Amino acid sequence: MMRRKNDNKRYFTRMGTRKKVHAFVRVKPTDDFAHEMIKYGDDNKSIDIHIKKDLQKGFVNNKQTDWSFKLDGVLHNASQDLVYETVAKDVVAQALDGYNGTIMCYGQTGAGKTYTMTGTTENYKHRGILPRALQQVFRMIEERPTHAITVRVSYLEIYNESLFDLLSTLPCVGPSVTPMTIVENPQGVFIKGLSVHLTSQEEDAFSLLFEGETNRIIASHTMNKNSSRSHCIFTIYVEAHSRTLSDEKYITSKINLVDLAGSERLKKSGSEGRVLKEATYINKSLSFLEQAIIALGDQKRDHIPFRQCKLTHALKDSLGGNCNMVLLTNIYGEASQLEETLSSLRFASRMKLVTTEPAINEKYDAERMVKNLEKELALLKQELAIHDSLANRTLVNYDPMDEIQIAEINSQVRRYLEGTLDEIDIINLRQIQEVFNQFRVVLSQQEQEVELTLRRKYTLIDKNDFAAISAVQKAGLMDVDGHLVGEPDGQGFGLGVTPFSAKPGKKAKSKKMFKEQLSTSARKEGASSPVGGKDLDFSTSKTQLTPSSKEGDVKDMLMRDRETSSTEPLPLDSPKEELRPPRPSTPPPKPVAFEDFKNERGSEINRIFKENKSILNERRKRASETTQRINAIKREMDMTKEALNFQKSLREKQGEYENKGLMIIDEEEFLLILKLKDLKKQYRTEYQDLRDLKAEIQYCQHLVDQCRHRLLMEFDIWYNESFFIPEDIQVSLKPGSSIRPGMVPISRIVSLGEDDQDKFSQLQQTELPEGPDSISFYNAKVKTEQKHNYLKTMMGFQQAHRK
Ligand code: ADP
Ligand code: MG
């Protein structure tokens, strides 16, 4: 069955195609056969039942008079031989190929189930399916010398929901497990406690069968049970191993031959007491069997009620599933039994709806598998050896490494890390893996060592332990950003903790490189943005380091830290600063110091400042020249206008000439008009130039102001640092803190010896509040100032002209 096939996925590798359960009917021979009521189809695959009207009274609630049952075959007057051929032969044959098979006989008591299944033990000719199946199995084994096939058998009886081992009387059976239980495992269902007997030949197998049959009869007498009311399951277990050693696969199968209890209905038996109990059990287990069969026949059902009774539970993996399954229904051919016959045929047609998916049960012989793998391993090793010799490699060992070899690799790794070994030769995969493994070992050892060393020297504080951090800060051991402010031995633990893997020597080097990089980038940016200390926070650990207090004087440490720490304000021109001479006892006058400053730390900004200033001056000069030109033009325009006015008054005095509405003027006046027009044009061009220049001047002025501001600010910082602020305090005023020593009012800065215009602008700026809001105010003021200057100049020109 599709829905159950996953149960044993590991074992079923070769799935077959879906197949219907085969249902046959065997009619018990009788002289009183009901020819009028029972008719067989021409193909011998159907039975039609017809009941006469007058007989119908006996069939309660049965209004139907005709039935037709389609089957896989009807066996009427058939010999035991033919029955076996038709019903069992294929199932048994396939069992030897690994397919499970189940053959069940169903029907009312006396209909011939036991006769069909077991046959008569006295007469060989009338032997049933069981002995014939055993015979076929052994005959087929003989035909397959390529396989070592073992056969085992068991014989189980289920009576009143109790399990009986019909072969327990045999001497080879050990102490019986009572009660027997039905156990399920991935391989299938088996009965715990049921004896399973190995039989090497046909005769042994027959002995077992007879033993079982005898026990069945004896038990029915001694235990007072009615044998027709018990179910008997005879199982043949086949296991076939290939005789060629290389094949670790083997197949297993079992053939269940089931002789069910009588299917007659309770009311007819007229039973009482014990018999009633029996009948109830029989009916119950058979109706549970029927329920299971119905469920198996319904493709939509995914739960099959196998565990409702012992019979279906014991047959769980033999009903449907991956089995070849055959149902043989035994019926009477007499009119008096027609009611039971109908009931049996209904069961048979229901069974026909069930489909199975027969599959081979393949398993793996673990022992053989290991042997085969060992063989293959040996072969591959040989192959490797050949490859090694072909590649001219001396004998390489591919076995797992021993302690000495591992220790050698460990030492290689250590030497490699120290730098005393240039490379580790690659030998094989196992060695490469071990090298990596030893890298891990050495790394974790080093980590532990470093941590131990640090713990010996320092008290480690968790970065999230704020109470501890604030206590340390109060004690002055850490700056406000959580950076440690000192180091005890000059080994460079000034910035939180170093990653454990970094070596002290390498670290100092990388620190210096970083510092250089930063100062370079600062230079590249011009001096427009002071490099903030916050950008330098490259502490990597969660844990902070604090020196143990006993380790020395804090101030001492601060002094030393200043020499190496990269968190002090970055010099704008650090290489020069490093050459700075020792600090004098009295500070030099500011103008003198300013000259020094412009030559060292402030050189770059001073250069930019000067550059901007020279551009500004050049623009101013051009503006002044343009203004002069404008004034000259203006003067000439005034003179031309005066001359024109004079000509006009002259003309008016002399009387005007008119020609067709047009004024007649003389040549002199005409030339004057042309000249004035030309002057006006020149004036406009020059005036436009002047306006552009003034905009440029204003922009340059702004740049110059900014540069000056910055220059002075940096100078003040430098001056204070160089001559006033104690060096230990400088550390606590490092970038990142809110206090900067250079934040001194600009008005206090000494005169820079610039031209008057600059001084004027400087004065303006000192009066201005800082911030963007003041810009419009500042611009308006400058414009007014410039306009005033311009008018003043113009007036000057005019006055000069009048003179
Ligand atoms: P069941 O097991 O169904 O109760 P049995 O197999 O015990 O019935 O049959 C009852 C009797 O009928 C037995 O004596 C048996 O030998 C006989 N019998 C049944 N079927 C046949 C048959 N096909 N040919 C000859 N005798 C039969
Ligand atoms: Mg019987």
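Since this is a predicted model, take the numbers as computed values, not measurements. (Residues numbered from 1 in each chain as written. Chains lettered and ligands numbered in written order. Predicted model: local features only at pLDDT ≥ 70, side-chain atom pairs only at ≥ 80, totals over all residues. Heavy atoms only, no water.)

Colleague: What am I meant to see in the overall build of the protein chain here?
Modeller: Of regular secondary structure, the protein chain possesses 21 helices and 22 strands. Expressed as a percentage of the 803 residues in the protein chain, the buried residues total 42%. Long-range pairs, those at least 24 residues apart, make up 76% of the contacts in the protein chain between residues at least 6 apart in sequence. About 45,500 Å² of surface is accessible on the protein chain, with carbon and sulfur atoms providing 54% of the total. (Helix = DSSP H or I, 4+ residues; strand = E, 2+ residues; numbered from the N terminus. Buried < 20%, exposed > 50% of the residue type's maximum accessible area, 1.4 Å probe, protein only. Contact = heavy atoms within 4.5 Å. Areas by Shrake-Rupley, 256 points an atom, 1.4 Å probe, with all protein chains shown as cover.)

Colleague: Would you explain the nonpolar core in this entry?
Modeller: Most often, soluble globular proteins keep nonpolar side chains buried together rather than apart. Membership of the largest hydrophobic core comes to 52 residues, with the highest contact counts inside it found for Ile47, Ile49, Leu71, Met104, Leu156, Leu289 and Leu319. With seven residues, the top contributor of residues to this core is helix α6 (residues 273-297). With residues up to four places along the chain from it excluded, the contact list for Leu71 reads Ala23, Val25, Lys45, Ser46, Ile47, Leu345, Ala348 and Lys352. Counting 45 residues, the second-largest nonpolar core is a separate cluster that includes Phe24, Met140, Ile251 and Leu328. (Core = buried A, V, L, I, M, F, W, Y, C linked by side-chain atoms within 4.5 Å.)

Colleague: Would you explain the pairing of strand β3 (residues 22-27) in this entry?
Modeller: Taken across its six residues, β3 has five buried, putting it largely inside the fold. Bridge analysis of β3 against strand β16 (residues 324-331) gives six bridges, and the strand direction is parallel. Each residue of the ladder has a partner; that of Phe24, found in β16, is Leu328. Taken together, the four bridges between β3 and strand β7 (residues 73-76) define a ladder with parallel strand orientation. Counted as the bridge partner of Phe24 is Gly73 from β7. (Pairing = 2+ DSSP bridges.)

Colleague: Got a minute to help me understand helix α16 (residues 590-599) in this structure?
Modeller: Residue pairs spaced three or four apart in an α-helix point in one direction, given the helix's 3.6 residues per turn. For α16, the complete set of buried residues consists of Lys590, Ala593, Phe594, Phe597 and Lys598. Burial along α16 is one-sided: seen end-on, the buried residues are contained in an arc of 140°. Contact partners of the buried residues in α16: α17 (603-654) and α18 (667-723). (Arc of directions from axis to C-beta.)

Colleague: How should unusual backbone geometry be read in this particular structure?
Modeller: The phi torsion of most residues other than glycine is negative, and most of the peptide bonds are trans. At Asn44, a position not held by glycine, the phi torsion is positive, near 65°. Summarising the element assignment, Asn44 is placed in the loop between β4 (38-40) and β5 (46-50). For Asn44, a relative accessible area of 39% corresponds to the partly exposed category.

Colleague: Any chance you could explain the confidence of the model for the protein chain here in plain terms?
Modeller: Parts of the prediction with low pLDDT should not have their coordinates interpreted in detail. Predicted confidence across the protein chain gives a mean pLDDT of 76, with 68% of residues reaching 70 or more. Here residues 485-579 is a poorly scored stretch, pLDDT under 50, and it has 150 contacts once near neighbours within four places are set aside; other chains count. Note that residues 736-757 has pLDDT below 50 and, in this model, 33 contacts with residues that lie over four places away or in other chains. (pLDDT = per-residue confidence, 0-100.)

Colleague: Would you mind showing me how to read the site of ligand 1 here?
Modeller: Residues in close proximity to ligand 1 include Arg26, Lys28, Pro29, Gln108, Thr109, Gly110, Ala111, Gly112, Lys113, Thr114 and Tyr115, which together make up its full environment. With respect to ligand 1, the side chain of Lys28 contributes an N or O atom lying 3.2 Å from an oxygen atom. Contact between ligand 1 and Gly110: an oxygen atom at 2.6 Å from a main-chain N or O atom of the residue. Across the complex, the protein chains shield 66% of the 550 Å² of accessible surface that ligand 1 would expose by itself. With three residues, the single largest contributor to the shell around ligand 1 is helix α2 (residues 113-117). For the shell around ligand 1, the per-class residue count stands at three nonpolar, five polar and three charged. (Near = heavy atom within 4 Å. Polar contact = N/O pair within 3.5 Å; in protein donor to acceptor, adjacent residues only side chain to side chain. Nonpolar A, V, L, I, M, F, W, Y, C, P; charged D, E, K, R; others polar.)

Colleague: What is the right way to read the packing of aromatic side chains from this model?
Modeller: Two aromatic rings are characterised by how far apart their centres lie and by the angle between their planes. All told, the structure shown has 14 aromatic pairs when counted by the stated rule. Taking the ring centre of Tyr124 as reference, the NZ or CZ of Arg127 above it sits at 3.8 Å. (Phe/Tyr/Trp six-rings, centres within 6.5 Å; stacked < 30°, edge-to-face > 60°. Lys NZ or Arg CZ within 6 Å of the ring centre and 35° of its normal.)

Colleague: What is the right way to read the UniProt feature "binding site: ATP" (unreviewed entry) in the protein chain from this model?
Modeller: In this numbering, the UniProt entry assigns the feature "binding site: ATP" (unreviewed entry) to Gly107, Gln108, Thr109, Gly110, Ala111, Gly112, Lys113 and Thr114. Looking at the secondary structure, you find Gly110 in the loop between β8 (101-107) and α2. On the accessibility criterion, Gly110 (36% relative accessible area) is partly exposed. Gly110 has contacts with Lys28 and Tyr332, leaving out every residue within four places of it along the chain. (UniProt positions renumbered as here; feature names shortened; annotations may be inferred.)

Colleague: How should I be thinking about the packing of α16 against α18 in this particular structure?
Modeller: Angle between the axes and distance between the axes are the two parameters that describe a pair of packed helices. One can describe the packing of α16 onto α18 by two numbers: an axis separation of 10 Å at closest approach and a directional angle of 105°. Classed by the angle they form, the pair α16 and α18 counts as roughly perpendicular. Each of Lys590, Ala593, Phe594, Asp596 and Phe597 in α16 lies in contact with α18, whose residues at this interface are Leu711, Leu712, Glu714, Phe715, Asp716, Trp718, Tyr719 and Phe723. Taken together, the residues that form the contact of α16 with α18 break down as nine nonpolar, no polar and four charged. (Axes fitted to C-alpha atoms, helices over the stretch in contact; angles between N-to-C directions. Parallel < 35°, antiparallel > 145°, perpendicular 65-115°, else oblique.)

Colleague: Hey, could you run me through helix α9 (residues 366-390) in this one?
Modeller: An ideal rise of 1.5 Å per residue puts 36 Å on 25 residues; α9 measures up with 36 Å between its terminal C-alpha atoms. The set of residues buried in α9 consists of Arg368, Asn372 and Asp388. Of the surrounding elements, those touching the buried residues of α9 are β14 (231-242). The opening residue of α9 is Asp365, an N-cap whose side-chain oxygen sits 3.1 Å from the backbone nitrogen of Glu367. Following α9 by one or two positions, Asn392 adopts a phi angle in the positive range, close to 65°. (Expected span 1.5 Å × (residues − 1).)

Colleague: What exactly am I supposed to notice about a positive patch on the surface here?
Modeller: A grouping of Lys641, Lys680, Lys681 and Arg684 is seen on the molecular surface, where their side chains present a positively charged patch. At three residues, the largest contribution of residues to the positive patch is made by α18. According to the relative accessible area criterion, Lys641 is partly exposed, its value standing at 35%. (Patch = residues over 30% accessible without salt bridge, like charges linked within 9 Å, V, L, I, M, F, W, Y side chains within 5 Å. Salt bridge = Lys/Arg side-chain N within 4 Å of Asp/Glu carboxyl O. Lys, Arg positive; Asp, Glu negative; His and termini not counted. Charge placed at Lys NZ, Arg CZ, Asp CG, Glu CD.)

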